[in-house]
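These are the residues of each chain, in order.
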Amino acid sequence: MSSLNIYNSLTRQKELFEPLTPGHAGLYVCGPTVSGESHLGHARPYITFDVVYRYLMFLGYKVRYVRNITDAGHFEEEGRDATDKISEKSHLEKLEPMELVQKYTNLYHWGMKEFNNLDPSIEPTATGHIVEQIEMIKDIIAKGYAYEKNGSVYFDVKKYAEGHEYGKLSGRILEDLLESTRDLEGQDEKNNKVDFALWKNAAPEHIMRWPSPWGIGFPGWHIECSAMACKYLGKQFDIHGGGMDLLFPHHESEIAQSTIVNGESPVRYWMHNNMITINGKKMGKSYNNVIKLTELFSGNHPILEQAYHPMVVRFYILTTHYRSTLDFSNEALQASEKALKRLMEAKSVLEQLNSDAWAVKGNNADLVQKLNTLCDECHDFMNDDFSTAKVLANFFELAPVVNSIKGGQIAGDEIGQALLEKMKTTFEVFLIQILGLKPIAETDHGHLDEVMQVLISIRQEAKLKKDFTTSDAIRNKLIQAGIQLKDEKDGTVSYTLQTS
RNA sequence: GGUCUUGUGGCCGAGUGGCUAGGCAGAGCUCUGCAAAAGCUUCCACAGCGGUUCGAAUCCGCUCGAGACCUCCA
């Protein structure tokens with residue numbers, strides 16, 4: 001069997017994954033900034049790296065998965081007046097940053113659960129690690145790679161570049177960055193415009209503030225990840241993940257900071273997922289096409305023709321390789337909805353197949369070989385930089401076989417007991433455990449099932465009497481209620497619930 | 001403007017130089033009292049123009065289109 005290869009953004013090629021500590025894997029993923037509601041764009045990295053996490057565990061690694069929450073920085077609540085932040089108002093009327101953070105953190109956690117993402121091993125908050133960040137900044141100053149200006153501290157990129165390769169991750173060239181003609185406000189304090197903030201002096205109206213050796217302020221954006229990754233995963237660790245938009249300056253700066261403090265480059269494998277577009281356009285406020293998760297799941301957005309179940313979204317994201325852009329459209333999502341349903345029904349059919357009377361070994365050599373290949377390839381595809389799209393394609397080749405066994409087009413003896421068990425395992429392991437998919441939940445199954453059996457038997461009696469008016473009426477009215485009856489070949493009747 | 005990525009059939013998307021990706025939609029057939037589901041078969045491609053090669057969706061160049069980053073935004 002093949003071994004896991006990961007595309008490393010740093011080297012721009014696929015590399016064999018070799019963990020620093022045998023048997024263990026450290027994974028750090030940049031989490032959300034909880035100053036607003038999670039949207040579709042957030043879904044992709046967390047689903048992508050959830051699959052990475054699940055697959056590493058499947059391979060037998062003991063994984064420590066750290067995903068932070070950025071709850072410090074420039075915080076404002078949408079729609080609030082700026083004066084809210086100033087102390088004219090009574091305490092309870094004022095914007096309380098931690099209340100805001102709590103609200104959006106809860107919503108984010110809800111979204112993650114809906115997507116069936118596993119909880120990370122540690123979910124550290126930036127505000128909970130102010131001390132570590134200050135210590136790190138002090139160290140960088142002591143080593144001469146940062147300077148203080150008016151209560152703010154900046155990282156000296158030019159000096160760093162003298163002895164280190166600044167830009168090695170993002171492909172930036174320092175000279176180009178220095179020559180950039182962009183003139184932005186608030187750059188005066190910096191010695192060079194490429195320098196970035198480690199600590200920012202807080203203006204009086206700034207709602208998040210902590211004391212530091214340089215005065216009241218708040219940490220710069222990049223330092224939190226360096227501090228928390230180092231604390232929980234060590235000076236050097238295996239995998240760091242995040243969206244491609246974070247490559248520069250965020251991850252480039254992380255490397256610089258950590259390299260100065262720890263004397264070595266922090267990350268062995270950098271992984272970056274691509275972005276999501278909507279109808280071919282990037283998701284952004286100017287296009288008015290940002291879809292929040294609550295809107296996505298409820299269908300309550302002008303762009304959306306219907307609600308989309310979190311599992312449909314997860315499935316759709318996994319049908320594309322994580323390094324490709326992914327375009328969202330109603331058409332694509334609706335196709336995914338049907339496709340996922342088909343796959344999950346095939347899985348359910350497979351589980352109900354009884355192979356007791358079958359030959360132990362299959363006697364259709366060609367078919368047996370084809371099915372074995374389809375199952376085995378799932379491992380190879382995952383090992384090839386997490387090619388979830390190919391894994392799913394194989395399941396669509398397995399599904400007709402499963403349905404054909406049920407339908408009688410393929411005899412059980414052709415497959416044999418052993419291979420059937422292997423197929424069951426493959427469905428369970430890859431679809432459920434690794435890709436994290438699950439059947440779309442059916443509500444109140446217990447009582448519904450009893451009621452359905454009554455209706456089905458009444459309809460059967462009508463059919464026996466050739467009273468098709470009655471039997472069709474039952475079926476048609478159930479359709480309107482979102483329940484689809486299916487007359488199976490063996491005379492039994494099954495039903496499925498519509499998803500939306 | 002700079003750096004990087006990308007352009008596949010009606011829609012979405014795999015694709016490592018030569019061998020059917022796959023899904024959804026369309027067409028036909030089988031099964032069915034009729035449906036649905038399922039099975040089988042099938043139509044429709046590699047942005048454009050050049051080049052390398054016995055052979056290119058895949059490599060190279062140019063043209064056109066799209067995207068990401070270049071910000072104290074995350």
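Predicted model, so just to flag it, every value in this text is computed and none were measured. (Residues numbered from 1 in each chain as written. Chains lettered and ligands numbered in written order. Predicted model: local features only at pLDDT ≥ 70, side-chain atom pairs only at ≥ 80, totals over all residues. Heavy atoms only, no water.)

### Focus on the overall build of chain A
Keep this limit in mind: Secondary structure counts use DSSP, requiring at least four H or I residues in a row for a helix and at least two E residues in a row for a strand, with both numbered from the N terminus. When a residue's accessible area, from a 1.4 Å probe over protein chains only, is under 20% of the maximum for its type it is buried; when over 50% it is exposed; and in between it is partly exposed. Two residues qualify as a contact provided that any one of their heavy atoms is within 4.5 Å of a heavy atom in the partner residue. Note on areas: Shrake-Rupley, 1.4 Å probe, and residue coverage restricted to the protein chains presented here. In summary, the charge assignment counts Lys and Arg as positive and Asp and Glu as negative, without counting His or the chain termini. The atom standing in for a charge is NZ when the residue is Lys, CZ when it is Arg, CG when it is Asp and CD when it is Glu.
Looking only at helices and strands, one finds 16 helices and 15 strands in chain A. If one aligns the C-alpha atoms of chain A with their principal axes, the spans along those axes are about 90 × 55 × 35 Å. Among the 500 residues that make up chain A, the fraction classed as buried is 50%. Relative to all contacts within chain A whose residues are 6 or more apart in sequence, the contacts with residues 24 or more apart total 74%. Summed over its atoms, the accessible surface of chain A is roughly 23,600 Å², and 50% of this surface lies on carbon and sulfur atoms. Considering chain A, the positive charge centre built from 53 side chains and the negative charge centre built from 68 side chains are found 2 Å apart.

### Comments concerning the nonpolar core
What counts is decided by this rule: We call a set of buried Ala, Val, Leu, Ile, Met, Phe, Trp, Tyr and Cys residues a nonpolar core when their side-chain atoms join them within 4.5 Å. Domain limits in this description derive from either an automatic procedure or a database domain assignment.
Within the largest apolar cluster, 133 residues are counted, with the highest numbers of intra-cluster contacts made by Phe155 and Ile415. Formed jointly, this core draws a minimum of three residues from each of two domains, domain 1 (5-273) and domain 2 (278-434). Those residues in contact with phenylalanine 155 that sit more than four places away from it in its chain are Ile140, Tyr145, Ala146, Tyr160, Asp195, Phe196, Leu198, Ala256, Gln257 and Ile260. In terms of nonpolar packing, the next biggest core, distinct from the first, is built from 9 residues, Met452, Leu478, Ile483 and Val493 among them.

### Let's talk about the pattern of salt bridges
The line we're drawing: Think of a salt bridge as a Lys or Arg side-chain nitrogen and an Asp or Glu carboxyl oxygen that are within 4 Å of each other.
All told, the structure shown has 14 salt bridges when counted by the stated rule. Among the ionic pairs, aspartate 384 bridges to lysine 14, the shortest N-O distance being 2.8 Å. Of this pair, aspartate 384 sits in the loop between helix 11 (365-383) and helix 12 (388-407) while lysine 14 is found in strand 2 (residues 13-16), placing the two residues 370 residues apart along the sequence. According to the relative accessible area criterion, lysine 14 is partly exposed, its value standing at 42%. Of the charged contacts, one joins arginine 67 and glutamate 123 as a salt bridge, the two residues approaching to 3.4 Å between their closest N and O atoms. Of the two residues, arginine 67 is situated in strand 4 (residues 62-67) and glutamate 123 in the loop between helix 2 (97-114) and helix 3 (130-142); the sequence distance between them amounts to 56 residues. A residue is classified by how much of its surface remains accessible, and arginine 67, at 2% relative accessible area, is buried. Among the residues examined, glutamate 123 registers a relative accessible area of 26% and is labelled partly exposed.

### Examining the confidence of the model for chain A
This is how the line gets drawn: Every residue is assigned a pLDDT by the predictor, reflecting its confidence on a scale from 0 to 100.
Looking at chain A, pLDDT values average 87 and 91% of them are 70 or higher. Here residues 81-87 is modelled with pLDDT under 50, and outside its nearest four sequence neighbours on either side it reaches 11 contacts, counting other chains as well. Scored below 50 in pLDDT, residues 181-185 shows 1 contact in the model against residues more than four places distant or in partner chains.

### Examining unusual backbone geometry
Cis geometry is adopted by the peptide bond preceding proline 249, which originates at phenylalanine 248 and carries an omega value of 0°. Located in the positive-phi region is lysine 466, a residue other than glycine, with phi close to 60°. Structurally, the position occupied by lysine 466 is in the loop between helix 15 (445-464) and helix 16 (468-480). Residue classification places lysine 466 among the exposed residues on the basis of a relative accessible area of 62%.

### Things to note about the domain arrangement of chain A
One frequently used descriptor of interface size is the decrease in accessible area upon assembly of the parts. Our working definition: Throughout, the accessible surface (probe 1.4 Å) given up by two parts as they are put together, summed over both, is called the buried area.
Domains assigned within chain A are domain 1 (5-273), domain 2 (278-434) and domain 3 (445-497). Each of domain 1 and domain 2 was reduced to a C-alpha centroid, and the two centroids are 34 Å apart. The interface of domain 1 with domain 2 comprises 32 residues on the first partner and 34 residues on the second. Roughly 3,000 Å² of surface becomes buried between domain 1 and domain 2 when both sides are summed, with 68% attributable to carbon and sulfur atoms. A per-residue breakdown of the area domain 1 buries against domain 2 is headed by Leu40, Arg44 and Tyr55, which together make up 25% of the total.

### Concerning the environment of aspartate 487
Its location among the elements puts aspartate 487 in strand 14 (residues 483-487). Accessibility expressed as a relative area gives 41% for aspartate 487, which makes it partly exposed. Once the C-alpha coordinates of aspartate 487 and aspartate 366 are considered, the two residues, 121 residues apart in sequence, prove to be 32 Å apart. When neighbours within four sequence positions are excluded, aspartate 487 is seen to be in contact with Arg459, Lys463, Arg475, Thr492 and Val493.

### Let's talk about the sheet that holds strand 3 (residues 24-29)
Our working definition: By definition, two strands form a pair when at least two bridges between them are found by DSSP. With axes taken as lines fitted to C-alpha atoms, and helix axes fitted only over the stretch in contact, angles between N-to-C directions fall between 0 and 180 degrees.
Overall, parallel pairing links the 4 strands, which are arranged 4-3-9-10 in an open sheet. One side of each edge strand has no neighbouring strand; the edge strands of this open sheet are strand 4 and strand 10 (267-273). Strand-to-strand twist across the sheet, computed as the mean angle between neighbouring axes with direction ignored, equals 20°. Two elements, strand 9 (residues 237-243) and strand 10, share 6 bridges in a ladder whose sense is parallel. Across the sheet, residue phenylalanine 237 finds its bridge partner in strand 10, namely valine 267. Strands strand 3, strand 4 and strand 9 of the sheet are contacted by helix 6 (residues 223-233), whose axis makes an angle of about 160° with strand 3. The sheet strands contacting helix 7 (residues 247-262) are strand 9 and strand 10, and the helix crosses strand 9 at an angle near 160°.

### With respect to helix 12
Put simply, the rule reads: In this scheme, a helix's expected span is set at 1.5 Å multiplied by one less than its residue total.
When the terminal C-alpha atoms of helix 12 are compared, their 29 Å separation across 20 residues agrees well with the 28 Å that a helix rising 1.5 Å per residue should span. Summarising the contacts, the buried residues of helix 12 are in contact with helix 1 (40-58), helix 9 (310-318), helix 10 (330-352), helix 11, helix 13 (412-415) and helix 14 (417-434). In the segment just after helix 12, glycine 408 is the residue with positive phi, at about 90°.

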